[in-house]
Amino acid sequence: MHELSLVKDLLELARQEMDRAGHNGTAESLTVIIGKLSGVNADSFRFAFETYGSEMGWTKTRLILIEHPARCLCQNCHEESAVEEWTLSCPSCGSENIRIEGGREFRLESITIPD
Amino acid sequence: MELIIAKKVLAANDEIAAANQALLKKHRAFGINLLGSPGAGKTSLVEALAQKLKGEIPLSVIEGDLATTRDAERVEKLGIPVVQINTGGACHLDAGMVSQALEKTALPRDGFLIIENVGNLVCPSSYRLGEHLRVVILSVPEGDDKVAKYPTMFGRVDVIVINKIDLSPYVPFDRERVQGDIKKIAPDTKLFTLSAKTDEGMESLVSFLKAQLKEYLAHIA
């Protein structure tokens, strides 16, 4: 459970990027991409944002979370499946001869500020 | 108006981590981030490595703990330079904490800096510290299901060490099951099986680390 410190990192990054763009007000929304295998729990992250974020004055900012799945590449049936969690076998044929790729991303994609 | 950012949330941490790594490179030190559950044997492995490398390869240690200086005291007894970070409750080390500790650390020229992370199989996996190698310890009594249960940690390391194999006769631990899970979750990871206490299997880890150090030094020369 380190989502609280991740929210702190997010808000620092967002502040820095808005300052860079010459905007010193608040943001309307922050769009964050969370990979399903990034180790960040979206619900906890939202909860931490709502509590810590409002304490830090981000009450009016909406948090938009987009969760990205990972890909399971099967060496047996050569099927590529989207997976929502770590899996030990191919969802298609059940083979354990698989490789998991992607799903580790955790980034601030965009910030919406008032025009 | 929409500002497109597309930056890692941990970009600030990663920048400090890169600076830490540059500092280590300047001092020709090879950084190891040592991870694992509380009680997996992280400090015991540091002690065992210190014995093995004594008189041959210099070693410094940064100890990360929520509280106490007990681990640092254990390492200090061996005559190894050690700096303790107390995270004050935080569940992981971040690059900023390590950066501060590095100011007080005697960096081992042509040697290893081991950063012993907070005992935890979840949070520390997200934070790069500036290390060159990530090593996670899994001890036999923790059980053979841990790789599958903590894939975010085991899937993000370079080396997995199975420790306390001297306890294999007393606790159920299916090594093949662990190897099978590693093959799926972390196929490119090196695996070592050893007991830091009895020394069994230590030699092959030590040779591997020495080879990594040699390659690193050749690369920066």
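Before going into details, it helps to say that this report is about the structure given with it. As the structure is a prediction and not an experimental result, all values here were calculated from the model. (Residues numbered from 1 in each chain as written. Chains lettered and ligands numbered in written order. Predicted model: local features only at pLDDT ≥ 70, side-chain atom pairs only at ≥ 80, totals over all residues.)

## Some points on the overall build of chain A
How we decide: Helix and strand labels come from DSSP, where a helix needs a run of H or I of at least four residues and a strand needs a run of E of at least two; each type is numbered from the N terminus. Our radius of gyration is a C-alpha quantity, and the globule rule it is checked against amounts to 2.2 Å times the number of residues to the power 0.38. With C-beta atoms placed from the backbone, the exposure class of a residue follows from how many other C-beta atoms lie within 10 Å of its own: 20 or more, buried; 12 or fewer, exposed; in between, partly exposed. We call two residues in contact when the distance between their C-beta atoms, placed using the backbone, is within 7 Å.
Helices and strands together make up the secondary structure of chain A, namely two helices and six strands. Along the chain direction, N to C, the helices and strands of chain A fall in the order α-β-α-β-β-β-β-β. Its C-alpha radius of gyration of 18 Å places chain A more than 25% over the 13 Å reference for a compact globule of 115 residues. Across its three principal axes, chain A shows a C-alpha extent of roughly 55 × 30 × 15 Å. Here chain A holds 115 residues, and the buried ones make up 31% of them. Long-range pairs, those at least 24 residues apart, make up 67% of the contacts in chain A between residues at least 6 apart in sequence.

## Observations concerning helix α7 (residues 175-185) of chain B
Applied cut-off: It is the directions from the helix axis to the C-beta atoms whose arc is reported.
For α7(B), the set of buried residues is B:V178, B:D181, B:I182, B:K184 and B:I185. One face of α7(B) carries all of its buried residues, which in axial projection span an arc of 165 degrees. On its buried side, α7(B) packs onto β5 (98-101) of chain A together with α5 (146-149), α6 (151-154), β7 (159-163) and β8 (190-193) of chain B.

## What to know about the interface of chain B and chain A
What counts is decided by this rule: Ten residues, namely Ala, Val, Leu, Ile, Met, Phe, Trp, Tyr, Cys and Pro, are considered nonpolar, four, namely Asp, Glu, Lys and Arg, are considered charged, and the remaining ones, Gly among them, are considered polar. Two strands qualify as a pair provided that DSSP identifies no fewer than 2 bridges between them.
On the chain A side, the residues contacting the 27 residues of chain B number 27 residues. Residue assignment for the side of chain B that touches chain A shows that the elements contributing at least two residues are β1 (2-8), α1 (11-26), α6 and α7 of chain B. For the side of chain B that touches chain A, the element with the most residues is β1(B), which contributes seven residues. Among the residues forming the side of chain B that touches chain A, the class breakdown is 17 nonpolar, five polar and five charged. With five bridges connecting them, strand β6 (residues 106-112) of chain A and β1(B) associate as antiparallel partners. Residue pairing across strands places A:R107 opposite B:K8, the latter belonging to β1(B).

## Some points on the sheet that holds β5(A)
Residue and element names in this part refer to chain A. So the rule is basically this: Between N-to-C directions, angles cover 0 to 180 degrees, with each direction set by a line fitted to C-alpha atoms, over the stretch in contact for helices.
Pairing is antiparallel across the open sheet formed by three strands, whose spatial order is β4-β3-β5. One side of each edge strand has no neighbouring strand; the edge strands of this open sheet are β4 (80-83) and β5. When the angles between neighbouring strand axes are averaged without regard to direction, this sheet yields 25 degrees. Inspection of the sheet shows strand β3 (residues 70-74) paired to β4 by four bridges, in the antiparallel sense. Looking at β4, one finds that R71 is bridged to A82.

## Focus: the environment of A:L6
Within the fold, A:L6 resides in helix α1 (residues 3-20). In this structure, the C-alpha to C-alpha distance between A:L6 and A:H68, residues 62 residues apart in sequence, is 18 Å. Look past the residues within four positions of A:L6 in its chain and what remains in contact with it is A:V40, A:F45 and B:V9.

## A short note on the pairing of strand β1 (residues 29-35) of chain A
Residue and element names in this part refer to chain A. The cut-off we apply is this: Handedness of a crossover: with both strands directed away from the viewer, a clockwise path from the first strand across the helix to the second marks it as right-handed.
The alternating pattern of β1 places L30, V32 and I34 on a buried face, while none of S29, T31, I33 and G35, on the opposite face, is buried. Looking at chain direction, β1 and strand β2 (residues 62-68) are connected through seven bridges and run parallel. Across the sheet, S29 pairs through a bridge with R62, a residue of β2. With respect to chirality, the unit in which β1 leads through helix α2 (residues 42-55) into the neighbouring parallel β2 is right-handed. In terms of strand pairing, β1 meets β6 through six bridges, oriented antiparallel. Note that in β6 the partner of I33 across the bridge is R107.

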